Structures are given as C-alpha cells and as structure tokens.
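In case you want the letters, here they are:
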Amino acid sequence: MSTPQQDELRVAVVGAGRMGSDHVDRLAHHTLRTRVSAVVDVDVERAGTVAANAGGAEVLSSVDELLASGIADAVVLATPGFLHEEALLKIIDAGLPVLCEKPLTPDPESALRVVEAEVAAGRQLIQVGFMRRFDAGYRRLKETIDSAELGELLMLHHQHRNPEAPAEFTDEMVIHDSVVHEFDAVRYFTGEEITNVSVRIGRTTSRAGTVRDPQHVTVQTQSGLLADVEIFVNAQIGYQVHTQATFENGLVKIGEGSEFELTTAGRSGHEIDAGFVTRFRDAYDLEVQQWVDATLHGRIDGPSAWDGYATAACCAAGVAAQRNGTIEHVELAPKPSFYSSHTGSPALT
Ligand SMILES: NC(=O)c1ccc[n+]([C@@H]2O[C@H](COP(=O)([O-])OP(=O)(O)OC[C@H]3O[C@@H](n4cnc5c(N)ncnc54)[C@H](O)[C@@H]3O)[C@@H](O)[C@H]2O)c1
Ligand SMILES: O[C@H]1[C@H](O)[C@@H](O)[C@H](O)[C@@H](O)[C@H]1O
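Basis of the calculations
Residues numbered from 1 in each chain as written. Chains lettered and ligands numbered in written order. Predicted model: local features only at pLDDT ≥ 70, side-chain atom pairs only at ≥ 80, totals over all residues. UniProt positions renumbered as here; feature names shortened; annotations may be inferred. Helix = DSSP H or I, 4+ residues; strand = E, 2+ residues; numbered from the N terminus. Rg over C-alpha atoms; globule rule 2.2 N^0.38 Å. Contact = placed C-beta atoms within 7 Å. Near = placed C-beta within 6 Å. Nonpolar A, V, L, I, M, F, W, Y, C, P; charged D, E, K, R; others polar. Pairing = 2+ DSSP bridges. Expected span 1.5 Å × (residues − 1). Buried ≥ 20, exposed ≤ 12 C-beta atoms within 10 Å, placed from the backbone.

The chain is annotated in an unreviewed UniProt entry as Inositol 2-dehydrogenase of Nesterenkonia xinjiangensis. Quoted verbatim from the Sequence similarities (unreviewed entry) field of the UniProt record, the comment on the chain reads "Belongs to the Gfo/Idh/MocA family." Its UniProt record gives the chain a comment under Catalytic activity (unreviewed entry), which states: "myo-inositol + NAD(+) = scyllo-inosose + NADH + H(+)".

Spelled out as structure tokens, the structure:
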C-alpha cells in the first residue's frame, strides 16, 4: 500500500487491450514517479507482449494472482466494464488504490455495491477514468463557468462522433459506453446531478449495423439546465468531441480547434483525430500523472466512485428512455457524507 514517504508507485495494469496497453506505455514512458510492476490479462500472450514495452513488468493472468503477489501499490483497471465490479471489490478488500477505466460499472445496482464497499473500507481508493476532466478545453470551460465571467450558463450542446463502432456495439452501449462521458461532463461543468434523461432517434445511417445511429440525448440538471448530445458512433469522418456552452453574455466552443490548419489547391481545413487515443492523449497523460502523484500522497483527487455511480444511474435512465421514448427520471441513492468534501475537479495546473 502507498505511503506518503514512498517516492515511486508500483502500478499493475489489469487488462492489456486497447486502453490498458496505452496506459502501460504511458506509465512506462511518459509518467514520473511510477513503474509498471505487472501486466495482468487472461490472454497471457497479450499481457507478455504489452509487458515487454515496460521492461521488467511481471506477467500475470488474474486479479487474484496479482493481489496474492504483493508486487503492486496500486492498480489501473482496464478490462471491459461488465467485469469491473468483481475486480473492484477484491481490490478494495486488499486496500489498494485503483484508477478504474470508465464506466465504473455498467449499471447502478453494481455501481452502488462498489460505492458501499468503498465507504465500508473507510477511505477513498477509487478514481474513475473520466479523462475529459483533464482536457485543457474542458478545464478552461469549467473555469469560465465557475467564474461567471460570461454570466450564467444556460445550455450545453455536445457532439460525440466516433469513426465507426465495433460490430458488437448495441443501443445500450451507445449510452453506457459512449454517452456516459457526456453525463459526467454535464455533472462536472455544472456541479449538479442530472435529474432526467430523454433519447430521440430519427434517421439512421445505413452504416449503423445493429445500432440505431445517430441518437439525440437530452438531460436536465437539478437547477433546470438543459444539455444535449448528438452521439454518432459510425460517423466515418474521424473522432470528434465538441462542446458549445451558451451563457447569458456569450458562447464558448471547445474541441473544434486545431493546431494545424492546411490550405492547399482549392481546399482549406484542419485534420480530424482518428480516435480517442490521440484526441485525448494530453488528458490521459495528465490524468495518470495526477493520479500517481495523489496516490503517492494517499489521496484520490479525480472523479470518484460516486461520480461513477451517478453516471451509471444516468445510463440506466438513458437506456429506459431509448426503449420507452419517455423522459426518464434519474433515481439516485442518498449520497454518503463520505463523498461530501470531494469535488472530483482536479486541480487546475
Ligand atoms: N477513457 C476512454 O476514453 C476509454 C477508451 C476506450 C476504452 N475505455 C474503457 O477501458 C476499458 C477497456 O476497454 P478496451 O477498449 O481497452 O477493451 P479491450 O477489449 O481492447 O481490452 C480488454 C482486455 O481485458 C482482458 N480481459 C478480459 N477479461 C479479463 C479478466 N478477467 N482479467 C484480466 N484481463 C481480462 C482482455 O483479454 C483484453 O485484453 C473499458 O472499461 C472501456 O470502456 C475507456
Ligand atoms: O469506449 C470508448 C471511449 O470511452 C471513448 O472515449 C468514447 O468516445 C467512445 O465513444 C467509446 O466507445
């Protein structure tokens, strides 16, 4: 377990797929005061290949084996979301801090069990991987909202476009895999809970496979603010995550800019990211560095298990709204006082 005296955090990465391998690379080569002590995957061959990029990391095949080994001070959990609950309960039991990729769990019942286990453990151990809170544009917009320099925030408009969804993507995953980020974003920007969710589905792209795509999601917060999301998971054009914020005295757009704008032979424009790994690279880097540093000091500063639970409750309402075509109320259990002083707003550095 980490102590304030420790100067290097030994991290085990569980799940060596797309996200886990990216985190191994980040921890091994782009993060200070840490090293990857183990890579854990049921596919040990994959774990071995990924561990080779983190010289000296052990290769293990299960969370049980990891916890018995004692070779990690903290865990990055990057297995598919439906496997998170079981792993998190074991990691909490072992008293290890964990950066859990989103979603905390895909449904509110299991998410609440995780929250209750953390409360019973008596200290915060979980940070959820809502990396957008570490994106420079997100942080600047949050500062603008909090400072009230443009007056009151009136509305938020989000566009979330993926180039294409995997074949196994479902309507439910549109909500709990993708829109979960906007549920967290709205809660982060406003500092309020979301009270209701509706989903409308109109024309569908011929490229959509088994999902209905795009979809239009609207949420409302405790004070009445409306926010909407165009979620389009087979948009073809690349990866885009934009937000427009409408204030009483102005408008802010984030995510649409570019450091590289090209004009040539009758065309002008900028490149579009191919995926989240590049669009949010700086945000993931900062997320992981701040998590390592906070963990070395025995703290969790980023999005909490409560944020994971509250967004899971929004997802349940969103899936019901998709199915019923109604405005669905978000049901939340009482918030334990345990989380009352935790804002989940990382320090603005
Ligand atoms: N923050 C983001 O932007 C972002 C982006 C992509 C994925 N994610 C999240 O990261 C998580 C992983 O997604 P991914 O796209 O990397 O998935 P993936 O399918 O590419 O990788 C998952 C890995 O977990 C391994 N695994 C499965 N069961 C296991 C078990 N019981 N123990 C150990 N390993 C096991 C698989 O073998 C695989 O290597 C998901 O929760 C996903 O929602 C987050
Ligand atoms: O799992 C991914 C990931 O969370 C991305 O950040 C999001 O943009 C995608 O829509 C989702 O499928």
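Participant: Looking at this structure, I do not really get the overall build of the chain. What am I missing?
Facilitator: The secondary structure content of the chain amounts to ten helices and 15 strands. Taking 349 residues into account, the globule formula puts the C-alpha radius of gyration at 20 Å, and the chain, at 20 Å, falls close to it. Its C-alpha atoms give the chain principal-axis dimensions of about 55 × 55 × 40 Å. Long-range contacts, defined as pairs at least 24 residues apart, comprise 72% of the intrachain contacts of the chain with a sequence gap of at least 6.

Participant: How should the site of ligand 2 be read in this particular structure?
Facilitator: The immediate surroundings of ligand 2 are formed by His-160, Asn-162, Asp-177, Ser-178, His-181 and Phe-276. For the shell around ligand 2, the element with the highest residue contribution is helix H7 (residues 171-190), accounting for three residues. Considering only residue class, the shell around ligand 2 consists of one nonpolar, four polar and one charged.

Participant: Hey, could you run me through the pairing of strand S10 (residues 226-232) in this one?
Facilitator: Along a regular strand, successive side chains alternate from one face of the sheet to the other. Looking at chain direction, strand S7 (residues 153-161) and S10 are connected through seven bridges and run parallel. In the sheet register, Met-155 faces S10, and the bridge partner there is Leu-226. For strand S9 (residues 215-221) and S10, the ladder comprises six bridges, and the chain directions are antiparallel. Among the inter-strand pairings, Val-217 is bridged to a residue of S10, identified as Val-229. From the end of S9 to the start of S10, which pair antiparallel, there are four residues, and Gly-224 there has a positive phi angle of about 105°.

Participant: Looking at this structure, how should I read the site of ligand 1?
Facilitator: The local shell around ligand 1 holds 24 residues, among which Gly-15, Gly-17, Arg-18, Met-19 and Glu-101 are the closest. The element contributing the most residues to the shell around ligand 1 is helix H1 (residues 18-29), with three residues.

Participant: Could you clarify how one ought to interpret the environment of Ala-16 in this entry?
Facilitator: As for its placement among the helices and strands, Ala-16 is situated in the loop between strand S1 (9-14) and H1. Those residues in contact with Ala-16 that sit more than four places away from it in its chain are Ser-21, Val-24, Val-39, Asp-41, Arg-46, Ala-47 and Val-50.

Participant: Can you help me understand helix H9 (residues 281-296) in this one?
Facilitator: An α-helical turn contains 3.6 residues, so any two residues separated by three or four positions project in the same direction. Between the first and last C-alpha of H9 there are 23 Å, a value that for 16 residues agrees with the 22 Å anticipated at 1.5 Å per step. Of all the positions in H9, only Ala-283, Tyr-284, Leu-286, Glu-287, Val-288, Trp-291, Val-292, Thr-295 and Leu-296 are classed as buried. Tucked inside the fold, the buried residues of H9 contact S1, H1, strand S2 (34-40), strand S4 (74-77), strand S5 (98-100) and strand S6 (126-128). At the exit of H9 stands Gly-298, carrying a positive phi of roughly 75°.

Participant: Would you mind showing me how to read the environment of Glu-152 here?
Facilitator: Here Glu-152 is to be found in the loop between helix H6 (136-147) and S7. Each C-alpha atom of the pair Glu-152 and Glu-248 lies 5.5 Å from the other, and the pair is 96 residues apart in sequence. Contacts of Glu-152, omitting those with residues within four sequence positions, involve Phe-247 and Glu-248.

Participant: Help me out: how do you make sense of unusual backbone geometry in this one?
Facilitator: Glycine aside, residues mostly have negative phi, and peptide bonds are mostly found in the trans state. Geometrically, the link from Lys-102 to Pro-103 is a cis peptide bond, its omega value of -10° lying close to zero. Cis rather than trans, the peptide bond between Asp-213 and Pro-214 has omega equal to 5°. Within the secondary structure layout, Pro-214 lies in the loop between strand S8 (194-200) and S9. Phi at Arg-33 takes a positive value of approximately 60°, unusual for a residue other than glycine. The topology assignment puts Arg-33 in the loop between H1 and S2. In this structure Arg-33 comes out as partly exposed when scored by C-beta crowding, with 13 C-beta atoms within 10 Å. Despite not being glycine, Gln-236 has its phi angle at roughly 70°, a positive value. With respect to the helices and strands, Gln-236 occurs in the loop between S10 and strand S11 (240-247). Take Gln-236: there are 11 C-beta atoms within 10 Å of it, and that puts it in the exposed class.

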